[in-house]
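Chain by chain, the residues:
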Amino acid sequence: MPELPEVETVVRGLRGPLVGRTFTGVTVRWPNSIKTPLFELNERLPGQRIEAITRRGKYLWFHLSGGDSLFLHLKMSGDLLVLPASEPDDPHVRTIFSLDNQHELRFKDTRKFGRVYLVAEPNEVIGKLGPEPLADDFTPDKFAALFERRSGRLKPLLLNQEFLAGVGNIYADESCHAAGLDPRRTVNSLSPVELERLYHAIRQALASGILHKGASLDAVYRGGEFQNHFRVYDRAGQPCLTCGSEIQRVVLAGRSTHFCSNCQR
DNA sequence: CTAAAATCCTGGTGGC
DNA sequence: TGCCACCAGGATTTTA
């Protein structure tokens, strides 16, 4: 479940080996993952140099010398590896990007949900995303303003990428716990004080995730160890680390949701 | 308009 | 032990 901290960790790991390299070709093994016409990808990508790699929400964003943008979304099980072209193949590699130094960027994705986009206009992919929660200019006031004219329950709203970019199931649950808010709360019932608590909880949870190099689940993210710091996520039936009450699990908007009914109101 | 459900996928899990 | 139905998960699409 790569969310903002996991994607940020991947981006930071790729800059060293990839910035300055030039793509020389693409091999597509699972065409459903490519959201750009294949002929266009094959025609436009080779020859473009990687000038920078950034992140927007849960998307990796490769800024290319020809002015195009290559976006990768890891979805559930995606991972990116930079290896010598001579390294043995892996059956879960769905797309191979060849580089100008006898290496390859391999998009490995067991569950085939990951997606690849090559576009001239970035907003075609990321245009509808909400604000970056860790941006310097993302203030408590701007966060509170996001809730104007919103309705529904808190948890599904936090997962909505058009509301706020990058928060997924793990960090939504952890943020609600840290803020002392029941994820089932109706959002228009949240007070200014509660919104401010939530703002700090989200920023803190994401920053902590990045500090621990993300969470490793499904054996995908090597090195990350934020999973050892979960206080509610995936802990149904276990005692709350704050008060000892049993962590509850419910399904909200089709997503498993974990919380402490004592600490979170 | 909102909300819920179906869709895409596969490896791991739980039941028997 | 072996088999298999079932499930999670992000984002989009469809249905209500």
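Residues numbered from 1 in each chain as written. Chains lettered and ligands numbered in written order. Predicted model: local features only at pLDDT ≥ 70, side-chain atom pairs only at ≥ 80, totals over all residues. Heavy atoms only, no water.

Caption draft 1: Seen up close, the overall build of chain A. Each helix and strand counted, chain A has seven helices and 10 strands in total. Its C-alpha atoms give chain A a radius of gyration of 20 Å, within 12% of the compact-globule value 18 Å for 265 residues. Each principal axis of the C-alpha atoms in chain A carries an extent, and together these give about 55 × 35 × 30 Å. Relative to its full complement of 265 residues, chain A shows a buried share of 51%. When contacts within chain A are restricted to residue pairs at least 6 apart in sequence, those whose partners lie at least 24 apart make up 63%. Summing over all exposed atoms, chain A offers an accessible surface of approximately 12,000 Å²; the carbon and sulfur share of this is 48%. Mean positive and mean negative side-chain charge positions of chain A (34 and 31 charges, respectively) differ by 4 Å. (Helix = DSSP H or I, 4+ residues; strand = E, 2+ residues; numbered from the N terminus. Rg over C-alpha atoms; globule rule 2.2 N^0.38 Å. Buried < 20%, exposed > 50% of the residue type's maximum accessible area, 1.4 Å probe, protein only. Contact = heavy atoms within 4.5 Å. Areas by Shrake-Rupley, 256 points an atom, 1.4 Å probe, with all protein chains shown as cover. Lys, Arg positive; Asp, Glu negative; His and termini not counted. Charge placed at Lys NZ, Arg CZ, Asp CG, Glu CD.)

Caption draft 2: Local environment of the protein's contact with DNA strand C. Surveying the vicinity of DNA strand C reveals 13 residues, the closest of which are Met-76, Tyr-233, Arg-249, Arg-255 and Ser-256. When the atoms of DNA strand C within 4 Å of the protein are grouped by moiety, sugar and phosphate amount to 55% of the total. Within the side chain of His-73, one N or O atom sits 2.9 Å away from a phosphate oxygen of DNA strand C. Contact distances for DNA strand C include 2.3 Å between a phosphate oxygen and a side-chain N or O atom of Ser-256. Of the residues contributing to the surface near DNA strand C, the split by class is four nonpolar, four polar and five charged. (Near = heavy atom within 4 Å. Polar contact = N/O pair within 3.5 Å; in protein donor to acceptor, adjacent residues only side chain to side chain. Nonpolar A, V, L, I, M, F, W, Y, C, P; charged D, E, K, R; others polar.)

Caption draft 3: Local environment of the pairing of strand β3 (residues 59-64). Among the six residues in β3, five count as buried, and that is most of the element. Bridge analysis of strand β2 (residues 50-56) against β3 gives six bridges, and the strand direction is antiparallel. Residue pairing across strands places Ile-53 opposite Phe-62, the latter belonging to β3. Between β2 and β3, which pair antiparallel and follow one another directly, the connecting turn spans two residues, one of which, Gly-57, has a positive phi of 60°. Where β3 hands over to strand β4 (residues 69-73), the hairpin turn is made up of four residues, of which Gly-67 adopts a positive phi near 95°. (Pairing = 2+ DSSP bridges.)

Caption draft 4: Up close: unusual backbone geometry. Phi angles above zero are rare outside glycine, and Lys-75 is one such case at about 45°. For Lys-75, the location among the structural elements is in the loop between β4 and β5 (78-84). For Lys-112, which is not a glycine, the phi torsion comes out positive at approximately 60°.

Caption draft 5: Quick peek at the domain arrangement of chain A. For chain A, the domain assignment lists domain 1 (4-126) and domain 2 (140-259). The C-alpha-based centres of domain 1 and domain 2 are spaced at 29 Å. Facing 17 residues of domain 1, the contacting portion of domain 2 comprises 16 residues. Around 1,300 Å² of area is buried between domain 1 and domain 2 when both sides are counted, 60% of it from carbon and sulfur atoms. For the interface between domain 1 and domain 2, the tally reads zero salt bridges. (Domains from an automatic or database assignment. Buried area = accessible area lost by both parts, 1.4 Å probe. Salt bridge = Lys/Arg side-chain N within 4 Å of Asp/Glu carboxyl O.)

Caption draft 6: Main features of the side chain of Asp-90. Tracing the sequence through the fold places Asp-90 in the loop between β5 and β6 (93-99). At 3.4 Å, the side chain of Asp-90 forms a polar contact with the side chain of Lys-108. Filtering out sequence-adjacent residues up to four positions away, Asp-90 remains in contact with Arg-29 and Lys-108.

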